[in-house]
Amino acid sequence: MRFIGCKTLLLDKIKEVIDENAPEAKTFCDIFSGTSVVSRYFKQWYEITSNDILYFSFVLQRATVENDTLPSFSGLDQLGIDDPVQYFNEMKPAEMETLEQEKRFFQNTYAPTGGRMYINDENALRIDYARNTVEDWHNSSLITDDEYFYLVACIVEGIPFVSNISGTYGAFHKQWEKRSYKKFELFRLDVLTNNKNNKCYNEDGVELLKRLEGDVLYIDPPYNGRQYLPNYHVLETAAKYDFPEVRGVTAQRPYENNKSDFCLKGKVIEAFSNLIENAQYGHIILSYSTDGLMSVEDIEAVMKKYGIADTFRIYEIPYRRYKSRTQGKKDELKELLVYVRKNKK
Ligand SMILES: C[S@@+](CC[C@H](N)C(=O)[O-])C[C@H]1O[C@@H](n2cnc3c(N)ncnc32)[C@H](O)[C@@H]1O
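Keep in mind that what you see is a predicted model, and the values were worked out from it rather than measured.

Reading the values: the criteria
Residues numbered from 1 in each chain as written. Predicted model: local features only at pLDDT ≥ 70, side-chain atom pairs only at ≥ 80, totals over all residues. Helix = DSSP H or I, 4+ residues; strand = E, 2+ residues; numbered from the N terminus. Rg over C-alpha atoms; globule rule 2.2 N^0.38 Å. Buried ≥ 20, exposed ≤ 12 C-beta atoms within 10 Å, placed from the backbone. Contact = placed C-beta atoms within 7 Å. Near = placed C-beta within 6 Å. Nonpolar A, V, L, I, M, F, W, Y, C, P; charged D, E, K, R; others polar. Axes fitted to C-alpha atoms, helices over the stretch in contact; angles between N-to-C directions. Parallel < 35°, antiparallel > 145°, perpendicular 65-115°, else oblique. Pairing = 2+ DSSP bridges. Domains from an automatic or database assignment. Left-handed = near helix turned anticlockwise from the far one by under 90°. Expected span 1.5 Å × (residues − 1). Arc of directions from axis to C-beta.

1. Let's talk about the overall build of the protein
The secondary structure content of the protein amounts to 13 helices and 7 strands. Taking 2.2 N^0.38 as the reference for a compact globule, 345 residues should give roughly 20 Å; the C-alpha atoms of the protein span a radius of gyration of 21 Å, in line with that estimate. Counting only residues that meet the buried cut, the protein has 42% of its 345 residues in that class. Across the protein, every contact between residues at least 6 apart in sequence was considered, and the portion connecting residues at least 24 apart equals 74%.

In structure tokens:
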């Protein structure tokens, strides 16, 4: 999934830093998990704990990290449905028209029917139909929690492929872009089996860390003032399907309770200090940018204060490698991986 700060291109670098510093590690915590690509990748070697303050991120993690096998959906046998992903993807528009108007949140909010152009009307109805049906199946115990989260995640992962936006949901295009004409489909997610007790959370990472412990803690916080929820509000609503009272041309959902201190210049250092102080992990790895709200000196001071100072190391990754596109002055920017070892209390 396209997501600000997604670390797909850095996975091998993170692995190198872990192999160099923590070859004995058995558990890995991804406390700011976003798309969950980092957790999914490291699941092949470690028992994973993952977390994010965004609910849609939690759903993606829950479906592919905490779930340890592809669900069987045996409860749907009685409806004659063997493969629900295929069932939704092959559904004809006429069948979906049976869905009551008041249940069509996506069509009534993000599509031309609702005066907006995030998604076309037919695709919005596909999402509404699938989302309502999955909720009904779960409420009537036809699917388990594991199956529910798997299907909601497949719906959420499918939405960016047909969204009429340039990367985030801060705004929609005024003309239909090519991708918005494609048919919406649930995205069939893979689930890797590692036979471990992987666990996912949807909490403030600073608070959650007071209750966790393990070997490797990977920290990938936002690094600038851009809050995540307003940029991904449509995916959050797809995951929650909670009929929020949206506002303005862009249909933002309320997000007062979801503001991250890591995006606030006046709060970020305190939040980061609390995070590192709370961490009961032997190895801490931070991803950050030289362009971030915290300076490298701020980071160093905090990590040396709570960690073992002489183990502190900075690995620099040229922005050019990390970003798929190069842009003039951005060449000077660097993505950092910062490591420190910590004694657990
Ligand atoms: C840079 S992104 C992580 C990207 C992720 N590593 C990936 O590859 O997709 C930062 C994430 O931190 C989350 N976040 C921000 N503040 C948080 C907090 N206090 N607790 C938990 N998650 C938070 C955001 O919702 C966002 O998903």
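There is more to say, and it comes next.
2. What to know about the site of the ligand
The environment of the ligand is made up of 24 residues, and the closest members are Gly5, Phe32, Gly34, Gly205 and Ser260. Those elements that provide at least two residues to the shell around the ligand are α2 (37-42) and α9 (205-208). Considering only residue class, the shell around the ligand consists of 12 nonpolar, 8 polar and 4 charged.

3. Topic: the environment of Glu66
Here Glu66 is to be found in helix α3 (residues 55-66). Accessibility expressed as a C-beta count within 10 Å gives 21 for Glu66, which makes it buried. Considering only alpha carbons, one finds Glu66 and Arg313, 247 residues apart in sequence, at a separation of 32 Å. Not counting residues within four places of it along the chain, the set of residues in contact with Glu66 comprises Gln61, Asn198, Lys199 and Cys200.

4. A look at the packing of helix α7 (residues 121-139) against helix α8 (residues 145-158)
In a pair of packed helices, the angle between the axes and the distance between the axes together describe the arrangement. At their nearest, the axes of α7 and α8 sit 10 Å apart, and the two run at 175° to each other. By the criterion of interaxial angle, the relationship of α7 to α8 is roughly antiparallel. Only Tyr148, Leu151, Val152 and Ile155 of α8 make contact with α7, whose side of the interface consists of Ile127, Ala130, Arg131, Val134 and His138. Tallied by class, the residues present in the contact of α7 with α8 amount to 7 nonpolar, 1 polar and 1 charged.

5. Some points on unusual backbone geometry
Even without being a glycine, Phe73 presents a positive backbone phi close to 55°. Of note, Phe73 is situated in the loop between α3 and α4 (84-89). Judged by the 22 C-beta atoms lying within 10 Å of it, Phe73 is buried. The residue Phe243 is not glycine, and still its phi comes out positive at about 45°.

6. So, the sheet that holds strand β4 (residues 214-219)
Judged by pairing direction, the sheet is mixed, and its 7 strands sit side by side in the order β3-β2-β1-β4-β5-β7-β6 without closing on themselves. Every other strand in the sheet has two partners, leaving β3 (199-201) and β6 (313-318) as the edge strands with one partner each. Looking at each pair of strands side by side, their axes are set apart by 15° on average, direction ignored. Where β4 lies against strand β5 (residues 281-289), 5 bridges are found, and the strand directions are parallel.

7. Focus on the pairing of strand β7 (residues 334-341)
Where β5 and β7 come together, 7 bridges link them in antiparallel fashion. Opposite Leu286, over in β7, you have Val338 as the bridge partner. Bridge count between β6 and β7: 6 bridges; the pairing is antiparallel. The residue of β7 that forms the bridge with Ile317 is Glu335.

8. Some remarks on the domain arrangement of the protein
Domain boundaries assigned for the protein yield domain 1 (1-55 + 195-222 + 260-345) and domain 2 (71-189 + 228-258). One C-alpha centre belongs to domain 1, the other to domain 2; they are set 31 Å apart. Taken residue by residue, the interface counts 8 residues in domain 1 and 12 residues in domain 2. For the side of domain 1 that touches domain 2, a count of residues per class yields 6 nonpolar, 1 polar and 1 charged.

9. A closer look at the packing of α3 against α8
Close contact between α3 and α8 brings their axes to 8 Å; oriented N to C, the two are set at 125°. Judged on the interaxial angle alone, α8 and α3 are oblique. By crossing handedness, the relation of α3 to α8 is classed as left-handed. Each of Phe56, Val59, Leu60, Arg62, Ala63 and Thr64 in α3 lies in contact with α8, whose residues at this interface are Phe149, Tyr150, Val152, Ala153, Val156 and Glu157. Its residues assigned to classes, the contact of α3 with α8 comprises 9 nonpolar, 1 polar and 2 charged.

10. Observations regarding α8
Compared with an ideal rise of 1.5 Å per residue, which puts 14 residues at 20 Å, α8 spans 20 Å between its outermost C-alpha atoms and is within 8% of the ideal. Most of α8 is tucked away, with 12 of its 14 residues classed as buried. Turning to α8, its buried residues are Glu147, Tyr148, Phe149, Tyr150, Leu151, Val152, Ala153, Cys154, Ile155, Val156, Glu157 and Gly158. Residues of α8 that are buried make contact with α3, α4, α7 and α10 (233-240).

11. Thoughts on helix α11 (residues 268-278)
Along an α-helix, a turn takes 3.6 residues, which lines up residues three or four apart on a common side. Of the positions making up α11, those classed as buried are Val268, Phe272, Leu275 and Ile276. In an axial view of α11, the angular spread of the buried residues amounts to 90°, which keeps them on one side of the axis. Against α9, β4, β5 and α12 (296-306) lie the buried residues of α11.

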